[in-house]
Amino acid sequence: MTKTDKPQYKIVNCETGEEIVRDANAEEIAQIAIDAANALTRKAQADAKETAKAAILDRIGLTADELKTILG
Amino acid sequence: MATTTNYGWTTPDDTSLVKDGASAIRTLGTSVDTTTKNLNPETTLGDLAFRSSTSNVNTRLGIGTAGQVLTVASGVPSWATASSGSMTLISTTTFSATTSVTLSSIPSTYKDLKLVIRNLKPSTNLQYVYMRFNGDTSASYTSSNGNNAYGLDQLSAFGATELIFASSNNSTTAQGLTVIDIPDYLNTTTWKIGYFRSIGNDSTPTSGQYSNGIIAYDDLAAINSITFFRPSGNITSGTVLLYGVN
């Protein structure tokens, strides 16, 4: 199959061992966009959590390493 | 006519005439040949023979297939797949510049599944590889990490559209190893869970990261396919081995 700019999908049939590599279809490309948006949301939530943690540490005057020492 | 003690082969009597000797020897030889064959029915390398319900006639048991063990069924020996403690390699698949890799048509002949993922590498730093069952893109998943990393902590309500098993997120170095156990994957009456243990290359800082956790899927269907994917970019390299466990 000729390589294209479209995302490549590999499907392996575990019964027969057959492997197919093909372009993603329209439905799969739409799902990739949804997944990417979800990943960005998750990252933003994780970043916000880290920021909140850092703000609390700053307020009480501890560094992250000092907190680890206390909790360790 | 006289006969032998064990197999009853016919032999000449002491009073038999000499002219009948050739015929008597031929009869005896045929009897010996028939008995020998009845006692040795094997035809192929590795075949076994066992006593049948008829005396002096054995039954052939053809050689089994690799990994089978000798057992007893209905009172006679037979070959069977090991009932416990065995692990069978179902597939070995390499990742190579693909967004998604699906292991489909997973055999329904095992109790549990085990995934061994080696040297996984995303195309971009800080990007993890995700996983789904049965091509299900609905919000039916949740994941936790014992190390409280990757934004994961305790299992929460099923609300994610993918499973996250912590692995390498370094786009240049891939020395990671992840093992995921998925028990009772065929049952159709419970949600599904998996356990992962992982060591991988972190991209910031460029060091090792270690994790263990649980993935969960709130669907009752048996698992017949597993998809690994990246929501952006590719899975550059790596290998996944899928084992069936009994």
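Values in this document were obtained by computation on a predicted structure and should not be read as measured data. (Residues numbered from 1 in each chain as written. Chains lettered and ligands numbered in written order. Predicted model: local features only at pLDDT ≥ 70, side-chain atom pairs only at ≥ 80, totals over all residues.)

Draft legend 1. View of the overall build of chain B. Within chain B, the secondary structure is distributed over one helix and 17 strands. The proportion of buried residues among the 246 residues of chain B is 28%. Counting contacts in chain B only where the partners sit at least 6 residues apart, residues at least 24 apart contribute 61% of the total. (Helix = DSSP H or I, 4+ residues; strand = E, 2+ residues; numbered from the N terminus. Buried ≥ 20, exposed ≤ 12 C-beta atoms within 10 Å, placed from the backbone. Contact = placed C-beta atoms within 7 Å.)

Draft legend 2. Representation of the sheet that holds strand 2 (residues 19–23) of chain A within the structure. With respect to topology, six strands assemble into an open sheet ordered 2(A)-1(A)-8(B)-16(B)-10(B)-12(B), the strand pairing being mixed. Strand pairing shows two members of the sheet lacking a second neighbour, strand 2 of chain A together with strand 12 (163–164) of chain B, which therefore form its edges. (Pairing = 2+ DSSP bridges.)

Draft legend 3. Expanded view of the nonpolar core. Residues and elements named next belong to chain B. By size, the foremost hydrophobic cluster in this structure holds 34 residues, and its most contacted members are Tyr130, Leu163, Phe165, Phe228 and Leu242. For this core, the leading source of residues is strand 9 (residues 112–122), giving four residues. With near-sequence residues (within four places) excluded, tyrosine 130 lies in contact with Glu162, Leu163, Ile164, Phe229 and Pro231. (Core = buried A, V, L, I, M, F, W, Y, C linked by C-beta atoms within 7 Å.)

Draft legend 4. Main features of the sheet that holds strand 9 of chain B. All names here are of chain B. Sheet architecture is open: seven strands sit in the order 7-17-9-13-14-15-11, paired in antiparallel fashion. If you trace the sheet from one side to the other, it starts and ends with strand 7 (87–98) and strand 11 (141–145), each paired once. Ignoring which end each strand starts from, the neighbouring axes of this sheet average 15° apart. (Axes fitted to C-alpha atoms, helices over the stretch in contact; angles between N-to-C directions.)

Draft legend 5. How the structure looks around the interface of chain A and chain B. In this complex, chain A contributes 21 residues to the contact, which on the side of chain B involves 21 residues. Those elements that provide at least two residues to the side of chain A that touches chain B are strand 1 (8–13) and helix 1 (26–60) of chain A. Per-element tally for the side of chain A that touches chain B: the top contributor is helix 1 of chain A, with ten residues. By residue class, the composition of the side of chain A that touches chain B is eleven nonpolar, five polar and five charged. When strand 1 of chain A meets strand 8 (residues 100–104) of chain B, the two strands line up parallel, connected through five bridges. Each bridged residue has a counterpart across the sheet, and for asparagine 13 of chain A the counterpart in strand 8 of chain B is serine 104 of chain B. (Nonpolar A, V, L, I, M, F, W, Y, C, P; charged D, E, K, R; others polar.)

Draft legend 6. Structural detail: the environment of alanine 49 of chain B. One can find alanine 49 of chain B in strand 3 (residues 48–51). Not counting chain neighbours up to four residues away, the residues in contact with alanine 49 of chain B comprise Asn40, Pro41, Glu42, Asn58, Thr59, Arg60 and Leu61 of chain B.

Geometry only, nothing functional implied.
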